[in-house]
Amino acid sequence: MIDNPLTLHDLEHLCHLWEECRLSVAEEAELEYLLCRTPLDSALIRSTRSLMGLSHIIHFDEAPAPSAPRRKSRLLRLSAAAAAAAIIIAGASALSNSLWPDFGENACVAYVDGHKVSRSEAKAIAVADMQRIEKIQERINRVTNHDQCRLNHILNIQNQTE
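The structure contained in this document is the topic of the report that follows.

Procedures and definitions
Residues numbered from 1 in each chain as written. Predicted model: local features only at pLDDT ≥ 70, side-chain atom pairs only at ≥ 80, totals over all residues. Heavy atoms only, no water. Helix = DSSP H or I, 4+ residues; strand = E, 2+ residues; numbered from the N terminus. Buried < 20%, exposed > 50% of the residue type's maximum accessible area, 1.4 Å probe, protein only. Contact = heavy atoms within 4.5 Å. Areas by Shrake-Rupley, 256 points an atom, 1.4 Å probe, with all protein chains shown as cover. Arc of directions from axis to C-beta. Core = buried A, V, L, I, M, F, W, Y, C linked by side-chain atoms within 4.5 Å. Axes fitted to C-alpha atoms, helices over the stretch in contact; angles between N-to-C directions. Parallel < 35°, antiparallel > 145°, perpendicular 65-115°, else oblique. Left-handed = near helix turned anticlockwise from the far one by under 90°. Nonpolar A, V, L, I, M, F, W, Y, C, P; charged D, E, K, R; others polar.

## Quick word on the overall build of the chain
Okay, step 1: Across its full length, the chain carries 5 helices and 2 strands.
Okay, step 2: Seen in sequence order, the chain has helices and strands lined up from the N terminus as α-α-α-α-β-β-α.
Okay, step 3: In the chain, which comprises 162 residues, the share counted as buried stands at 12%.
Okay, step 4: For the chain, contacts bridging at least 24 residues in sequence account for 46% of all contacts bridging at least 6.
Okay, step 5: When the accessible surface of the chain is summed, it comes to about 13600 Å², and 59% of that surface belongs to carbon and sulfur atoms.

## With respect to unusual backbone geometry
Okay, step 1: The backbone phi angle of Cys21 is positive, close to 60 degrees, even though this residue is not glycine.
Okay, step 2: Secondary-structure assignment places Cys21 in the loop between helix H1 (8–19) and helix H2 (25–37).
Okay, step 3: A relative accessible area of 66% means that Cys21 is categorised as exposed.

## Re helix H3 (residues 43–52)
Okay, step 1: Residues of H3 that are buried include every one of Leu44, Ile45, Thr48, Arg49 and Met52, and no others. In a view along the axis of H3, the buried residues occupy a sector of 135 degrees, so they form one face of it. Among the exposed residues of H3, those oriented more than 90 degrees off its buried face are Ala43, Ser50 and Leu51.
Okay, step 2: Looking at the buried side of H3, the elements it contacts are H1 and H2.

## Some words on the nonpolar core
Okay, step 1: Among the nonpolar cores identified, the biggest contains 10 residues, and these are Leu11, Cys15, Leu17, Trp18, Leu23, Leu31, Leu35, Leu44, Ile45 and Met52.
Okay, step 2: Contributing elements (two or more residues each) for this core: H1, H2 and H3.
Okay, step 3: With 4 residues, H1 is the largest single contributor of residues to this core.
Okay, step 4: Other than its neighbours up to four places away in sequence, Cys15 contacts Leu31, Leu35, Leu44, Ile45 and Thr48.

## Re the side chain of Ser42
Okay, step 1: Position of Ser42 among the secondary structure elements: in the loop between H2 and H3.
Okay, step 2: The class for Ser42 is buried, based on a relative accessible area of 11%.
Okay, step 3: Apart from residues lying up to four places away in sequence, Ser42 is in contact with Leu8 and Glu12.

## Here's the deal with the packing of H1 against H2
Okay, step 1: Here H1 crosses H2 at 135 degrees, and the two axes come no closer than 11 Å. One way to sum up the angle between H1 and H2 is to call them oblique. Here H1 and H2 pass one another in a crossing that is left-handed. Of the residues in H2, those touching H1 at Leu11, Leu14, Cys15 and Trp18 are Glu28, Leu31, Leu34 and Leu35.

## Thoughts on the packing of H2 against H3
Okay, step 1: With their axes 11 Å apart at the nearest point, H2 and H3 run at an angle of 120 degrees to one another. Every pair of crossing elements has a handedness; the one defined by H2 and H3 is left-handed. Across the interface between the two elements, Glu28, Leu31, Glu32 and Leu35 of H2 pack against Ile45, Thr48, Arg49 and Met52 of H3.
Okay, step 2: Its residues placed into classes, the contact of H2 with H3 shows 4 nonpolar, 1 polar and 3 charged.

Read these as layout, nothing more, since geometry by itself doesn't imply function.
What follows is the structure, encoded as structure tokens:
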């Protein structure tokens, strides 16, 4: 048991102040600590605990000391994870080599309206999409630069007037 200098009346008064939002953040933290550690109990104290989200009373004096981390179990878990990753990578590479033919670096496959198009048409579609995206990015950059210039101009005017 801990020595609690507060009486039941004092603790209930603090709970009333907390409910009226008249405690500072530091005082609220101290009240929360007291509510966790005190053996005193009343309906007001229980309701304040529940409103604060304190589901149980913590007795720090009776808590077991934390155990030291086990390096062997960490090493074992890391080794198992590395082995599992290696097996997955090896299996995926073996599976991909046996199931899919090697199309080379520049393989393009495209479907338009559910029909497969030729390799040259697929490449043309990809190039057209890339050019369209580059144009959109250029437009975004121009608008962003224009907005930044306007903002700098406004800030310069504001600084000159001050």
